[in-house]
Amino acid sequence: MKHVIALDVGGTGIKAALVGPDHQLLHEARRPTGRDRGPDAVIAGILDFAAELHELGRRRYGRGADAAGAAVPGIVDETAGTAVYAANLGWRDVPLRDLLSDRLGGIPVALGHDVRTGGLAEGRIGAGRDADRFLFVPLGTGIAGAIGIDGRIEAGAHGCAGEIGHIVVRPGGPECGCGGRGCLEALASAAAVSRAWAAASGDATADAADCAKAVASGDATARAVWREAVEALADGLVTGLTLLDPRTLIIGGGLAEAGETLFTPLRAAVAERITFQTLPLIVPAALGDTAGCLGAGLLAWDLLGNEPVNEPVNGPAKVPATRPAPATPTEVSA
């Protein structure tokens, strides 16, 4: 069976898959990045993982992968195939595309930014599959964004398009990891909510999920913390939709797991803030933590001629009507 290798590299773990032509996850595996051993060890681990998947494909399907796709964090030059900068992995100017291709016998490899790659999957086969224009915003440790336009993701002139988390929504507010103050990420990410709820509750171990549960149970202090985050998030999103005019706004990441505890007040807060703008459909992401692997798989399939990488397609992408089901049985290693 023809298939591709997909790698989704995070700060602490790597998700990987063999992906079939119908976007089916034929095999899934996970392992730590090993970043405590340094950046060279992380790179070596990625290359070894990819090579193991290549060999698995040969054994199981009688052929190795035809292409590979990798999603990585930080600043990514997708054209050059270089991981320009990733603070949490200690990377600077890593030619990961070429390193992977060399290790995999010269097969074509695509390199993408993790959030943009996840957004590609959500746009083609997830929550945005019927939208010609969408904005994907995952709310996790940080906040980033992916701008979807006619089946492609806009990377920007310097690989930084969609960084909605660094819109200043509270001038002079809390310091952000980027060095600015009052950024959306510093106020409305899952990490920011965790910090605020830990301080308000007096429980240093409390996190955003705990806050969401307390909100749902009617805790007044939790509701105040949650309201501040939702209002900051709505301010940032209105700036984004004013600039981009998306048809669909897709919210993902850990904070979105709160469901309607998040979405009901968020939809109301965004609606209250718009004037001339058209309110987009605001929906939860559909693919969960498989989005990165599915997106990396799409990048790889694009290299094989299904659709050009980061180029407009002729009309809506042909995608499954529902989320692709994993192979049976799905193989997941620790």
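Residues numbered from 1 in each chain as written. Predicted model: local features only at pLDDT ≥ 70, side-chain atom pairs only at ≥ 80, totals over all residues. Heavy atoms only, no water.

Colleague: Can you explain the overall build of the protein? Please cite residues and give values.
Modeller: In terms of regular secondary structure, the protein is built from nine helices and 13 strands. C-alpha extents for the protein along the principal axes are approximately 60 × 45 × 40 Å. Out of the 334 residues in the protein, the part that is buried amounts to 51%. A fraction of 63% describes how many contacts in the protein between residues 6 or more apart in sequence connect residues 24 or more apart. Carbon and sulfur atoms provide 52% of the accessible area of the protein, an area that totals close to 14500 Å². When the 29 positive and 39 negative side-chain charges of the protein are each reduced to one mean point, those points stand 2 Å apart. (Helix = DSSP H or I, 4+ residues; strand = E, 2+ residues; numbered from the N terminus. Buried < 20%, exposed > 50% of the residue type's maximum accessible area, 1.4 Å probe, protein only. Contact = heavy atoms within 4.5 Å. Areas by Shrake-Rupley, 256 points an atom, 1.4 Å probe, with all protein chains shown as cover. Lys, Arg positive; Asp, Glu negative; His and termini not counted. Charge placed at Lys NZ, Arg CZ, Asp CG, Glu CD.)

Colleague: Break down the packing of aromatic side chains for me, citing the residues and quoting the values.
Modeller: Under the counting rule described, the total for this entry stands at zero aromatic pairs. Against the face of F49 rests R31, its NZ or CZ located 3.9 Å from the ring centre. (Phe/Tyr/Trp six-rings, centres within 6.5 Å; stacked < 30°, edge-to-face > 60°. Lys NZ or Arg CZ within 6 Å of the ring centre and 35° of its normal.)

Colleague: Report on the packing of helix α5 (residues 190-201) against helix α7 (residues 220-244), specifying residues and quantitative values.
Modeller: For any two helices packed against each other, one specifies the inter-axial angle together with the distance between the axes. Where α5 contacts α7, the two axes come as close as 10 Å, and the packing angle between them is 155 degrees. Between α5 and α7, the crossing angle belongs to the class labelled roughly antiparallel. Seen from above, α5 lies across α7 with right-handed handedness. Across the interface between the two elements, V193, A196, W197 and A200 of α5 pack against T221, A222, V225, W226 and A229 of α7. For the contact of α5 with α7, a count of residues per class yields eight nonpolar, one polar and no charged. (Axes fitted to C-alpha atoms, helices over the stretch in contact; angles between N-to-C directions. Parallel < 35°, antiparallel > 145°, perpendicular 65-115°, else oblique. Left-handed = near helix turned anticlockwise from the far one by under 90°. Nonpolar A, V, L, I, M, F, W, Y, C, P; charged D, E, K, R; others polar.)

Colleague: Describe the pairing of strand β2 (residues 13-19), with residues and values.
Modeller: By the criterion of burial, β2 is predominantly enclosed, with five of the seven residues buried. Summarising the sheet, strand β1 (residues 4-9) and β2 pair through six bridges and their orientation is antiparallel. Across the sheet, residue V9 finds its bridge partner in β2, namely I14. Linking two consecutive strands that pair antiparallel, namely β1 and β2, is a turn of three residues. (Pairing = 2+ DSSP bridges.)

Colleague: Go over the nonpolar core with me, naming the residues and quoting the values.
Modeller: Among the nonpolar cores identified, the biggest contains 41 residues, and V137, W226, L237, I251 and V270 are the most heavily contacted of them. Among the elements that make up this core, the one with the highest residue count is α7 (11 residues). Among the nonpolar cores identified, the runner-up in size contains 33 residues, and A50, L53, L96 and V109 belong to it. (Core = buried A, V, L, I, M, F, W, Y, C linked by side-chain atoms within 4.5 Å.)

Colleague: Please provide a residue-by-residue account of the sheet that holds strand β9 (residues 133-138), values included.
Modeller: Two orientations exist for strands paired in a sheet by backbone hydrogen bonds: parallel and antiparallel. Reading across from one edge, β11-β10-β9-β12-β13 is the order of the five strands in this open sheet, with mixed pairing throughout. The open sheet is flanked by β11 (152-154) and β13 (281-284), the only strands paired with a single partner. On average, each strand axis in the sheet is tilted by 25 degrees relative to the strand beside it, whichever way the strands run. Pairing geometry for β9 and strand β12 (residues 248-252), over five bridges, is parallel. Residue pairing across strands places F136 opposite I250, the latter belonging to β12. Sitting on the sheet, helix α3 (residues 114-125) touches β9, β10 (146-149), β11 and β12, and the angle it makes with β9 is about 130 degrees.

Colleague: Give me the lowdown on the pattern of salt bridges, citing residues and values where you can.
Modeller: Counted according to the given criterion, the structure contains 16 salt bridges. As a salt-bridge pair, R58 and E55 come within 3.4 Å of each other at their nearest N and O atoms. One end of the pair is R58 and the other is E55, both in helix α1 (residues 39-61) and three residues apart, which spans about a single turn. With a closest N to O distance of 2.5 Å, R273 and D235 form a salt bridge. Taken as a pair, R273 in helix α8 (residues 260-273) and D235 in helix α7 lie far apart in primary sequence, 38 residues in all. On the basis of relative accessible area, R273 is assigned to the partly exposed category, the value being 26%. Each member of the salt-bridge network shares a partner with another, and the members are R170, D235 and R273. (Salt bridge = Lys/Arg side-chain N within 4 Å of Asp/Glu carboxyl O.)

Colleague: An account of the pairing of β1 is requested, with residue identities and associated values reported.
Modeller: Across the six residues that make up β1, a large majority, six, are buried. Burial along β1 is two-sided: V4, A6 and D8 facing one way and I5, L7 and V9 facing the other are all buried. Both β1 and strand β4 (residues 68-72) contribute to a ladder of four bridges, which runs parallel. When the bridges of β4 are listed, A6 appears paired with G69.

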